[in-house]
Amino acid sequence: MDIKPEYDVLIIGGGYAGMEASLTIADAGFEVLLVEKEPSIGGHLIQISKVFPTTDCAGCITTPKMAAVPKHPKIKLLTYTEVKNVEKIGKKFRVKLVKKPRYVIEEECIGCGRCEEVCPVLVPKEFEYGLIGRKAAYIPFEMASPKKALIDLDNCIMCGRCERACPKDAINFLDEPKEIDVTVGAIVVATGYNLFSPELKKEYGYTGNLTRIHDNENPNIIHAFQFERLLAPSCPYHTVCLRPGDGKIPERIAFVLCTGSRDKSLGNPICSRVCCMYSIKQALLYTSAIPYGEATIYYMDIRAFGKGFEEFYNMVKELGVRFVKGKVAKIETNENGNPVVVAENFETGEIEREEYDMVILSVGLLPNGSKEIAKILGVETDPYGWIAQPDVNGNPAKTSVEGIFVAGTATGPMDLPDSIALADAAVSQCIAYLKEVKD
Amino acid sequence: MRERVGVYVCHCGGNISDYVDVKKVVEAVKDLPNVAVARDFIFMCSDAGQDLIKEDIKNLNLDGVVVASCSPHLHEKTFRDAAALAGLNPYLVEHVCIREHCSWVHSDDPEAATQKAIWIVKSAIAKVSLADELQPIRLEMKPEAIVVGGGIAGMRCAIDLAKAGIKVHLIEKKPFLGGRAAQIFKLYPSGKTGSDLVKELVDELKRYPNIHVYTNAEIVEASGALGDFKVKIVVKPRYVKEGVSKEEIRRAVECCPVEVLDEFNYGLTNRKAIYVRESSYPEEAVIDMDHCIKCNECGIADFEQKEETYELRGSMIILATGAKPYEPKEGEFSYGIYDHVITLPVFDRLLAVCDGKLEYEGKEIKDIAFIYCVGSRTEEHEYCSRYCCVATLNAALGALEKFGKLRVYHIYRDIRAYGKYETYYEKVGEEGMLFIKYDPEDPPVVERKGDKLIVKVRDLLTGGEELEVPVDLVVLSVGMVVEEAEIFNMLRVPFSRDGFLQEVHPKLKPVETAIGGVLIAGTCQFPKDTVETTASASAAVGRAETYLVKGYAELEPFIAEVDPEKCDGCSVCVEECPAGAIRIENGKAVINEALCKGCGACGALCPTEAINLKGYKYEQFRAMIDILKEA
């Protein structure tokens, strides 16, 4: 690994905000070290079908950045790498990183996928949220950057088939974690978000089991990021929008908004900012894919607040998507395996029961390990576990430690334009810090 | 003539291949005489797709590339960069669009879409066959920028630029910096006052001598292009002697006998004809000549001061001109008919200026109704103004905190307390304030009964029950509309449908406008709260620094080129050039490369075909037309 002892900026997280910050600051002429804990950069955005309100394909926005990052002469990318320790010395930071073992020699792997073909182990594929499987030797997804294989040793049976199939002799079962020490001038935290686990909302009947129907286990109740995959051009079943339970085309679907958001009982009282809009967008994509399909959205308030959002909401309403202001009490399962939504309609005061072919839980966003990274960095978090912004009105990219800045959804749920704005804001704060330290 | 062209047809993950038969497109061109290879792939823009092209360039020695995929707006640069990495001049890549132009618009007729794609690809092959190797134009970028608007966005921009060592000219039309944020009673989520925030920014701004502030300034001319903008401003005099002390100013304000309504407080209080703004900048007084009686009681007046004109230069311009509150129409929820129907910004100032008890127009206020979405989500302004829900909840809480017991009704459509602002919504509920959801088709009506205002509203939360809510004050939660500025027209920046300034792309170029070097920050782009405003300001600076800190910009080489052999100096082009980039020297046209925008107007009009646009030559177009004639 050709790693220099010193970089101008360390960027933690290779999702959209981290990539944006890396490219902007590198374009301004600074040396960037970008660290991503997953085996590929791209974050959540690369898993998404299209973005609201413009319905551009998310891949068209993400893949060029994913291709540009490793190509940029001023960016050093380390994937599958975590930040272990950070110490501030004067105005700079001593950083200890650990590169996790891929069990594949990264420099040798050509991403041909032969190891994947011969591997006999099948486990749920993270990229598809378990809708389909992957092998124990695998490339995370088609558009991964870097497009390199890795071996999931927890599930590997050590049969050695991949080793024999690899044309480059790149498999190395003896690979070990590597510690890397670097000094950086400034740090940007872009660790992003995680999804709320819908299993925790027991009344909604989601179990994550996508293959069988038992009592209270209904594979036709999925979460919105799984639905995102079903609607994506690179969808897992190679045909848009089949329900996982039996492969039927769902003709009536419902969205349950605020699953895991605005819900004190689940410990997340705040609103997740994006679920209204992504659900409206999904309803549009669904009715475009299945023209005879009917979509219903159960909501508390429709929060269509960004540029072009209200117009988008109005258009989708006019196209016939049904909006019901109501709180979903529970989701039951009918004898035919169809989910039944039981909701109080706020406008009629009635309890209504309706059967659907598939129900989508519009899950909220939670911090992605920001408490842990905050501890390592010594920055403060807010009451919900997001990175705190001590000068939020005047300088939102600032954290409680001078020289450490924050980008994107590490500060809380937000949509893509807001996330990008905060990423570029972190860039200007980094440049200001680096320049002032130098003078 | 290019002899070894590679052709690459993208599926765009089904976006194209669902309607355009990409294999058929490849088949149709792969045997053309100057095509060395033709392939299709699921995502040409991905790493793997780009590698495919790069490998072919090296292994097959390609001298031209055609990529047929999405719009060149998205990925032309991606493919040019890929070609350059493989050693091919990037301008020998022709990117054509078979998604927006074929699959998306002809999804009803896949066969015709495929045929059209074939012709588009064939014409691109003809064009690239005659392409020249070109070099990008390098523009030096002096570290100097112009920021228009001295609100919190403009100040944030100026500070961030200055910290990076860039000289800034900050232009504000009002006599003081601070903008509308200064008027906010209490900011969310920090709880500071608007003027606290302004003061903090002013304190920071004062530390940087490379920020030049021009208040009371009017822009009279703006011109130029990336790397060299010129803005001419006229600074109106303050009519106050220079170098007077703070104490002298204080005394002068005290002595002034003229009292006028203070616009900062929407006329809720008075100010003198000579005045200063606490916690703003500059810390100098100004005389309001519309009201001054020239008595010179203040003793520091200087009525001889004249307007001054400055010509400012900058490599880039950031527009931070802001937005203004929607002004309700006469009679809209009885606004303008009853005194006690006011707007949210006025209510905010009322909270700030009232002491002890909440009073308006001689009446103590105990019951308040807020009506939401006034001037937003309507036929006239379809967009949601984003900030008003939380600002209203926050103002209601602020009122309760400062004045104790109040009965408050929130008459709303959806409460858009997004993200962490949900806690404001919750708090308001806990405080026992009531929510009434109205139907925009049947909006609330405000009437007067005795000394009370009555809001008649049908509440959707109780099955459409007719309610009559008696209150002392109705506060209209007004949206934002763009603040018009002359400079928009001078620079020809485009607007979006909602009347705000249009970014090039909400995700890929979120702070850039279609005019190279002109960026946008804050609420001139769309309604934003203060957090989003300062974030977008810093973001605009971040993007600007890719040029200003680096010190140069590289631009596309597509500019006009004169063949002096053919030019007869008729000067038709000189008259037609919108950029003023052509002059006649020794009887021949000469192009100024820094000014030419490559619009091609000159070439189209030149009677002798002496002017060619680099990358778009006459012979290339003729070759394309020849191909398309067959279609």
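Conventions and cut-offs
- Residues numbered from 1 in each chain as written.
- Chains lettered and ligands numbered in written order.
- Predicted model: local features only at pLDDT ≥ 70, side-chain atom pairs only at ≥ 80, totals over all residues.
- Heavy atoms only, no water.
- Core = buried A, V, L, I, M, F, W, Y, C linked by side-chain atoms within 4.5 Å.
- Buried < 20%, exposed > 50% of the residue type's maximum accessible area, 1.4 Å probe, protein only.
- Contact = heavy atoms within 4.5 Å.
- Domains from an automatic or database assignment.
- Buried area = accessible area lost by both parts, 1.4 Å probe.
- Salt bridge = Lys/Arg side-chain N within 4 Å of Asp/Glu carboxyl O.
- Helix = DSSP H or I, 4+ residues; strand = E, 2+ residues; numbered from the N terminus.
- Nonpolar A, V, L, I, M, F, W, Y, C, P; charged D, E, K, R; others polar.
- Polar contact = N/O pair within 3.5 Å; in protein donor to acceptor, adjacent residues only side chain to side chain.
- Disulfide = S-S within 2.5 Å.
- Pairing = 2+ DSSP bridges.
- Axes fitted to C-alpha atoms, helices over the stretch in contact; angles between N-to-C directions.

Caption draft 1: Spotlight on the nonpolar core. Of all hydrophobic cores here, the largest spans 219 residues; its most connected members are Phe225(A), Phe227(A) and Val7(B). When sequence neighbours within four positions are dropped, the list of residues in contact with Val7(B) reads Val29(B), Val35(B), Val37(B), Ala38(B), Arg39(B), Val66(B), Val121(B) and Ile125(B). Judged by nonpolar contacts, the second largest core, of 75 residues, contains Ala323(B), Val346(B), Leu350(B) and Tyr424(B).

Caption draft 2: Looking closely at the domain arrangement of chain B. Residues and elements named next belong to chain B. Each assigned domain of chain B is listed with its residue range as follows: domain 1 (5-136), domain 2 (144-236 + 307-322 + 483-548), domain 3 (324-481) and domain 4 (560-613). Inter-centroid distance (C-alpha atoms) of domain 2 to domain 3 is 31 Å. At the boundary of domain 2 with domain 3, total buried surface from both sides reaches about 1800 Å², with 59% on carbon and sulfur atoms. Among the residues domain 2 hides against domain 3, the three largest losses belong to Phe185, Tyr188 and Pro527. Together they make up 37% of the total. The tally of links from domain 2 across to domain 3 stands at two salt bridges. With its nearest N and O atoms 3.0 Å apart, the salt bridge here joins Glu401 to Lys186.

Caption draft 3: A look at the domain arrangement of chain A. Residue and element names in this part refer to chain A. Looking at chain A, the domain boundaries give domain 1 (6-99 + 177-192 + 368-438), domain 2 (101-175) and domain 3 (196-364). For the pair domain 1 and domain 2, the summed buried surface comes to about 1200 Å²; carbon and sulfur atoms form 57% of the total. Three residues, Pro39, Gln47 and Tyr80, lead the burial of domain 1 against domain 2; their summed loss comes to 40% of the area buried on that side. The salt bridge partner of Lys99 is Glu106, with a shortest N-O separation of 2.9 Å. With three residues, the top contributor of residues to the side of domain 1 that touches domain 2 is helix H2 (residues 58-71). When its residues are assigned to classes, the side of domain 1 that touches domain 2 shows eight nonpolar, five polar and two charged.

Caption draft 4: View of the environment of Leu406(B). All names here are of chain B. Among the structural elements, Leu406 can be located in the loop between helix H10 (388-403) and strand S22 (407-412). Residues Leu406 and Glu307, spaced 99 residues apart in sequence, show a C-alpha to C-alpha distance of 50 Å. Sequence-distant contacts of Leu406, that is, excluding residues within four places in its chain, are made with Leu358, Ile365, Lys366, Ile368, Ala399 and Leu400.

Caption draft 5: Geometry of the interface of chain A and chain B. Each partner contributes residues to the interface: chain A has 73 residues there, and chain B has 78 residues. Here chain A and chain B share an interface that buries about 6000 Å² over both sides, 55% of which is from carbon and sulfur atoms. By the criterion of area lost to chain B, the three top residues of chain A are Phe305(A), Lys307(A) and Asn393(A), representing 13% of everything that side buries. Run the count over chain A and chain B and you get 13 salt bridges. Here Arg416(B) and Glu310(A) are joined by a salt bridge, their closest N and O atoms 2.8 Å apart. Taken together, the links from chain A to chain B amount to 37 residue pairs in polar contact (both at pLDDT 80 or more).

Caption draft 6: Representation of the state of the cysteines within the structure. Applying the stated criterion across every chain yields a total of one disulfide over all chains. Among the cysteines around Cys112(A), which has no disulfide bond, Cys166(A) carries the closest sulfur, lying 6.3 Å off. Left without a disulfide partner, Cys295(B) is nearest to the cysteine sulfur of Cys256(B), which lies 6.2 Å away. We classify Cys295(B) as partly exposed; its relative accessible area is 37%.

Caption draft 7: Spatial organisation of the sheet that holds strand S16 (residues 316-319) of chain B. All names here are of chain B. Spatially, S8-S7-S6-S16-S29 is the arrangement adopted by the five strands of the open sheet, whose pairing is parallel. Each edge of the open sheet carries a strand with a single partner, namely strand S8 (211-214) and strand S29 (518-520). The sheet shows a mean angle of 20 degrees between the axes of neighbouring strands, direction not considered. Those strands touched by helix H6 (residues 152-163) are strand S6 (144-148), strand S7 (167-171), S8 and S16, and its axis lies near 170 degrees from that of S7. In the packing of helix H13 (residues 530-548) onto the sheet, contacts are made with S6, S16 and S29, and the angle to S16 comes to roughly 175 degrees.

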